[in-house]
Amino acid sequence: MSVELCGIDTPELKQGEAPRQALAHEAKQKLLKLIAAADNQLMIVLVAKDSDGRTVAEVMAHGQGEAEISFQEELLKSGLAKTRLGGVECPNQIAFEQAQTIAIASKTGVWSQDKRN
């Protein structure tokens, strides 16, 4: 199943002739680590289908105790994604915006001084 993460944009790996964007590899590695830490037991909350028929969803895993780990929030806090304006409205959009605020304040990832362009 191919899933588009609701509410965020991540740097993209090379697609055809388009070069890889900065931090694309790091974003992919972060996702792979999150999946591995969850023992491949993910919660996929379907939000919508996009215009190309792809599943748009929030993706989470159980953390320690009863806490759930949002993959979108983790990418945002790490500065490996930005919130997406427009499109599908995600149920946890406010939490995503707060996670992005953390990354901006700590000047990490896409928000670091040398990569801010």
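Our subject is the structure listed above.
Everything quoted here is computed from the prediction, not taken from an experiment. (Residues numbered from 1 in each chain as written. Predicted model: local features only at pLDDT ≥ 70, side-chain atom pairs only at ≥ 80, totals over all residues. Heavy atoms only, no water.)

A.B. asks: Hey, could you run me through the state of the cysteines in this one?
C.D. replies: Chemically, a disulfide is nothing more than a covalent bond linking the sulfur atoms of two cysteines. Counted according to the given criterion, the structure contains one disulfide. Across a sulfur-sulfur distance of 1.6 Å, C6 and C90 are joined as a disulfide pair. Note on the C6 and C90 pair: the S-S dihedral is about -110°, so by sign convention the disulfide is left-handed. Placement of C6 in the loop between β1 (3–5) and β2 (8–9) and of C90 in the loop between β6 (82–83) and α3 (93–106) is noted, with a sequence separation of 84 residues between them. The class of C6 is buried, set by a relative accessible area of 0%. Exposure remark for C90: the relative accessible area of 3% places this residue in the buried category. (Disulfide = S-S within 2.5 Å. Helix = DSSP H or I, 4+ residues; strand = E, 2+ residues; numbered from the N terminus. Buried < 20%, exposed > 50% of the residue type's maximum accessible area, 1.4 Å probe, protein only.)

A.B. asks: Would you mind showing me how to read the nonpolar core here?
C.D. replies: Generally speaking, soluble globular proteins have nonpolar side chains that are buried together. Counting 21 residues, the largest nonpolar core has L5, I8, F71, L75, L76, L80 and A81 as its most contacted members. Residue assignment for this core shows that the elements contributing at least two residues are α1 (24–37), β4 (55–62), α2 (71–77) and α3. Excluding its chain neighbours within four sequence positions, the residues that come into contact with F71 are L31, L34, I35, L42, V59, M60 and A61. (Core = buried A, V, L, I, M, F, W, Y, C linked by side-chain atoms within 4.5 Å. Contact = heavy atoms within 4.5 Å.)

A.B. asks: Looking at this model, I keep getting lost on the environment of H62. Mind explaining?
C.D. replies: Along the chain, the position of H62 falls in strand β4. For H62, a relative accessible area of 55% gives the class exposed. In sequence terms H62 and L42 are 20 residues apart; their C-alpha atoms lie 7.8 Å from each other. The residues contacting H62, other than those within four sequence positions of it, are M43, A67 and E68.

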